[in-house]
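Spelled out from the first residue to the last, the chains are:
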Amino acid sequence: MSSNQGMGASVARKEDRRFLLGKGRYTDDVTLPEQTYAVFVRSPRAHARIRSIDASQALKAPGVLAVLTGEDAAADDLGGIPCGWVITNKDGSKMVAPPHPALVKGTARHAGDPVAMVIAETRDQARDAAQLVEVDYDPQPAVAHLTAAVAEGAPRVWEEAPGNVCFDWHIGDSAATEAEFAKADRVVSLDLTNNRIAPNAIEPRAANGSYDSVEDRYTLYTTTQNPHLTRLLLGAFTLKVPEHKLRVVAPDVGGGFGSKIFHYAEELLVLWASKRIGGRPVKWTSSRSEAFLSDAHGRDHVTHAELAVTHDGQFRGLRVRTLANMGSYLSTFAPAIPTYLHATLLSGPYVIPAIYAEVKAIFTHTVPIDAVRGAGRPEATYLLERLVDKAARELGIDRVEIRRKNLIQPDQFPYQTPVALQYDIGDYPATLEMALKAIDYDRYPERKAESEKRGKLRGFGISTYIEACGIAPSALVGALGAGAGLYEAATVRVHPTGSVTVFTGTHSHGQGHETTFAQLVNERLGIPIENIEIVHGDTDRIPFGMGTYGSRSAAVGGSAIVKAMDKIVDKGKKIAAHLLEASVADIEFADGKYRVAGTDREKTFGEIAFTAYVPHNYPIETVEPGLEDSAFYDPKNFTFPGGCHLVEVEVDPETGVVEVADVAIADDVGVIINPMIVDGQAHGGLAHGIGQALLEEAVYDEDGQLVSGSFMSYTMPRAADLPSFKVGNHVTACTHNPTGIKGVGEVGAIGVPPAVINAVIDALTPLGVTDISMPATPEKVWRAIRAAGGVA
């Protein structure tokens, strides 16, 4: 390593200075000359035909510049919001892909569907005028829940989707799985729900669009994790203008958790509205309550799962049937979540010879469902780890031991699962043992007895998990229905004095890219990170990239940076060979210096950079001046982080309150750039996962009204709800990318929810409670105890 700023160093985040000083620049901070403001009129009903919209009073209100509706959008030929992934049904037909208008024309299909857009001089004026828009709704029957949506005679969300089925998909070998079940000693079955959650990034979504009539060009500032994809979809499908006439800028973004990957209607509408009002910029910033009704939600599965086992606990087969809620429209990547990002992970870290999974995606009159932190993998891990725990109990086998017995062993890699994926490397027994040691598992009985003395029920929960990151490769995902390639790009520009600017197609929304990517450069080129600039989030400045999600930034984006730096180093060797009068083959590069092998003759990286730009003594016949290069990296496979999460809880049997007493995790996220940032990502993921397990749920009533649409009713975890986490890492380096990195951003949200619920059930088992669903709220736990007769 070239310095203590490179790989493995806990370097303080460079970007934190501006954030701590309150100098971050978020989309809502961008105020352009002649700025105007937009507010949306949203349907209060989950399903209603729109008889008429009367904007006459709103147009007379102070400061109002325009009121736009779906009729206006249709007249200007605005495209509908596209879905970027197409699923093929079991029978070979394509899924139902209904239109998704940016502004409702005809029928609103979820509470919060935008029906009109008010633009005014100030936000308050727009908000006041929106109250004056009169919409005549003709209410229609609505359906919000999965089981109700598939029931006979259920209201239909789309006429073209009988039974409200979007697609009926499967994976695995049905015959082989049935054969394993036929000879199994026991079949363990479980019905469970993976609760719907809202993403709740700290910064609500926002968009500020402007049209330049002189250049005939549009600029959009927006809270996106994916600037180039937004530009691509705007150009090709929604705004329908050439990409060179579109600039998309994502400045500082305050969290996303997947919810800011997608192309949203508001991004299109502010650009369109700007042109409609003569080129004045139009800004929209979501309120928190509006976010609950307009940001894509996550999860919402109902599943029946069965595990075939031998008497001694060997896993032989797995059958899964899942209903997955899509909401009212198909969000950008929605169809991929319960299919290729979910069912392909059902083997988990275990040897399971045969697996067969069926997934039906269902339309409901609710906010669309798409990726939220983990995106399909938390759902797979939850059902598998809950099922494994139940198998252990029914067989009378220790829950740790049944996992030890079935884990894929290090000498079995690469390991081909029955559900398409091939894991390249891992050591699942090592992370299991690390976590058990960290939580001091041998002394758990003492802690349980001490809790009992205080009238509390202590439970122990375990989850051994795996996930897939860095969605790849492009040829594969294209064959599976993706509408885009999933490579990444980078340009490395070395300046004459030796400082470096890196242009990356990934995007940071809290991960610390400005630090970790600088550390990658420091490691390879030997330049202090103070002399390294990371540029992202502006389609006019960066190469075409696919953004940040699925823990892909370091594994895929970082690999593109490394490949670009390799080209820089190779060119530098040619310059150094000329200056040092040596053969290129004899030039070595390390610690920021080019040396002639076996000698003390050398040139610093800075000297080579200066020579590249001031080529007075230069191999001009064979090497061009300048020192800049680009690279694209298309992954050969997913990366596969994995590990073990352990949780201890205390339950108050009188109140049902669950307290998380201890959490110890051991993850394998591959090679680590910055341990402090990795630990921070783990902490955030654990908080997210514990929130889903105990507190969070987006609840709809039977009429499709969101009854948990604010922080008064949607319960987020607070610091006091969480213990100090014990985190640790065991490294097996990814075998197919140049960094060895696997990814860390989602592991906490994937591994910990089943561990928490397994711990709660373990605590309540003596009282006769054998099942409880997420979120395990105090009321739900209290009722379960009493229903089981555990407390008088």
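Relevant structure appears above.
A brief report on the enclosed structure follows. (Residues numbered from 1 in each chain as written. Predicted model: local features only at pLDDT ≥ 70, side-chain atom pairs only at ≥ 80, totals over all residues. Heavy atoms only, no water.)

1. Remarks on the overall build of the protein
Consideration 1: Counting its regular elements, the protein contains 20 helices and 28 strands.
Consideration 2: Here the protein has a C-alpha radius of gyration of 28 Å; the compact-globule value for 792 residues is 28 Å, and the two agree.
Consideration 3: Dimensions along the principal axes, computed over C-alpha positions, put the protein at roughly 90 × 75 × 55 Å.
Consideration 4: Counting every position in the protein, which comprises 792 residues, the buried fraction comes to 61%.
Consideration 5: The contacts of the protein with a sequence gap of at least 6 include a subset with a gap of at least 24, amounting to 80%.
Consideration 6: Carbon and sulfur atoms make up 51% of the accessible area of the protein, which amounts to about 28,500 Å² in all.
Consideration 7: Distance from the positive charge centre (75 side chains) to the negative charge centre (98 side chains) of the protein: 1 Å. (Helix = DSSP H or I, 4+ residues; strand = E, 2+ residues; numbered from the N terminus. Rg over C-alpha atoms; globule rule 2.2 N^0.38 Å. Buried < 20%, exposed > 50% of the residue type's maximum accessible area, 1.4 Å probe, protein only. Contact = heavy atoms within 4.5 Å. Areas by Shrake-Rupley, 256 points an atom, 1.4 Å probe, with all protein chains shown as cover. Lys, Arg positive; Asp, Glu negative; His and termini not counted. Charge placed at Lys NZ, Arg CZ, Asp CG, Glu CD.)

2. Overview of the nonpolar core
Consideration 1: Of all hydrophobic cores here, the largest spans 125 residues; its most connected members are L318, L346, F363, Y423, V647, L694 and L764.
Consideration 2: Contacts of Y423, omitting those with residues within four sequence positions, involve S347, G348, I408, F413, P414, Y415, T417, Y428, I466 and F640.
Consideration 3: M7, V11, L525 and V596 belong to the second largest nonpolar core, which has 45 residues in total. (Core = buried A, V, L, I, M, F, W, Y, C linked by side-chain atoms within 4.5 Å.)

3. Section: the sheet that holds strand 24 (residues 602–604)
One key point about sheets: their strands pair by backbone hydrogen bonds, in either a parallel or an antiparallel sense.
Consideration 1: Ordered in space as 22-23-24, the 3 strands form an open sheet in which the pairing is antiparallel. One side of each edge strand has no neighbouring strand; the edge strands of this open sheet are strand 22 (587–590) and strand 24. Neighbour to neighbour, the strand axes of the sheet diverge by 20° on average, direction disregarded.
Consideration 2: Where strand 22 meets strand 23 (residues 593–596), 4 bridges bridge the pair, whose relative direction is antiparallel. Across the sheet, the residue bridging to A590 is K593, located in strand 23.
Consideration 3: Helix-sheet contacts for helix 17 (residues 605–613) involve strand 22, strand 23 and strand 24, and the interaxial angle to strand 24 is about 75°. (Pairing = 2+ DSSP bridges. Axes fitted to C-alpha atoms, helices over the stretch in contact; angles between N-to-C directions.)

4. Observations concerning unusual backbone geometry
Consideration 1: A cis geometry characterises the amide bond from F413 onward to P414, with omega recorded as -5°.
Consideration 2: Within the secondary structure layout, P414 lies in the loop between helix 11 (399–406) and strand 16 (415–416).
Consideration 3: M774 connects to P775 through a cis peptide bond whose omega is -10°.
Consideration 4: Residue D77 is not a glycine yet carries a positive backbone phi of 60°.
Consideration 5: Along the chain, D77 falls in the loop between helix 3 (70–75) and strand 4 (107–108).
Consideration 6: By relative accessible area, which is 48% here, D77 ends up partly exposed.
Consideration 7: Look at D300: it is not a glycine, yet its phi comes out positive at around 65°.
Consideration 8: Among the secondary structure elements, D300 is positioned in the loop between helix 9 (288–294) and strand 13 (301–309).
Consideration 9: According to the relative accessible area criterion, D300 is buried, its value standing at 13%.

5. Some details on empty space enclosed by the protein
Consideration 1: By the definition in use, this model includes 7 cavities of 30 Å³ or more.
Consideration 2: Taken as a whole, the largest cavity encloses approximately 240 Å³ of empty space.
Consideration 3: Around the largest cavity, the lining is made up of 25 residues, and of these H100, Y264, A265, S294 and P368 lie nearest the centre.
Consideration 4: Going through the elements one at a time, helix 8 (265–276) and helix 9 are the ones with two or more residues in the lining of the largest cavity.
Consideration 5: Broken down by class, the residue content of the lining of the largest cavity amounts to 13 nonpolar, 7 polar and 5 charged. (1 Å grid on protein atoms, 1.4 Å probe; cavity = no way out; pocket = protein on both sides within 12 Å on 5 of 7 lines; lining within 4 Å. Points joined across faces, edges and corners; volume = space filled by probe spheres on them. Nonpolar A, V, L, I, M, F, W, Y, C, P; charged D, E, K, R; others polar.)

6. Quick look at the pairing of strand 18 (residues 457–466)
Consideration 1: With respect to burial, strand 18 is a largely interior element, 10 of its 10 residues being buried.
Consideration 2: Going residue by residue along strand 18, you find L457, G459, G461, S463 and Y465 tucked away on one face and R458, F460, I462, T464 and I466 tucked away on the opposite face as well.
Consideration 3: In terms of strand pairing, strand 18 meets strand 26 (residues 642–651) through 10 bridges, oriented antiparallel. The residue of strand 26 that forms the bridge with I462 is L646.

7. Some thoughts on the layout of surface pockets
It is a probe the size of a water molecule, rolled over the atoms, that shows where empty space is left.
Consideration 1: Roughly 450 Å³ of volume is contained in the second largest pocket.
Consideration 2: F40, R42, S287, S289 and E290 are, among the 24 residues lining the second largest pocket, the residues nearest its centre.
Consideration 3: Those elements that place two or more of their residues in the lining of the second largest pocket are strand 1 (36–42), helix 4 (123–130), strand 12 (282–285) and helix 9.
Consideration 4: Ranked by residue count, the leading element in the lining of the second largest pocket is strand 1, at 5 residues.

8. Quick notes on the sheet that holds strand 9 (residues 206–212)
Consideration 1: If you trace the 7 strands from one edge of the open sheet to the other, you get 3-5-1-12-9-10-11, paired in mixed fashion. The sheet terminates laterally at strand 3 (64–69) and strand 11 (246–249), the two strands that pair on one side only. Ignoring strand direction, the axes of neighbouring strands in this sheet form an average angle of 20°.
Consideration 2: Bridge analysis of strand 3 against strand 5 (residues 114–120) gives 5 bridges, and the strand direction is antiparallel. The residue of strand 5 that forms the bridge with V67 is V118.

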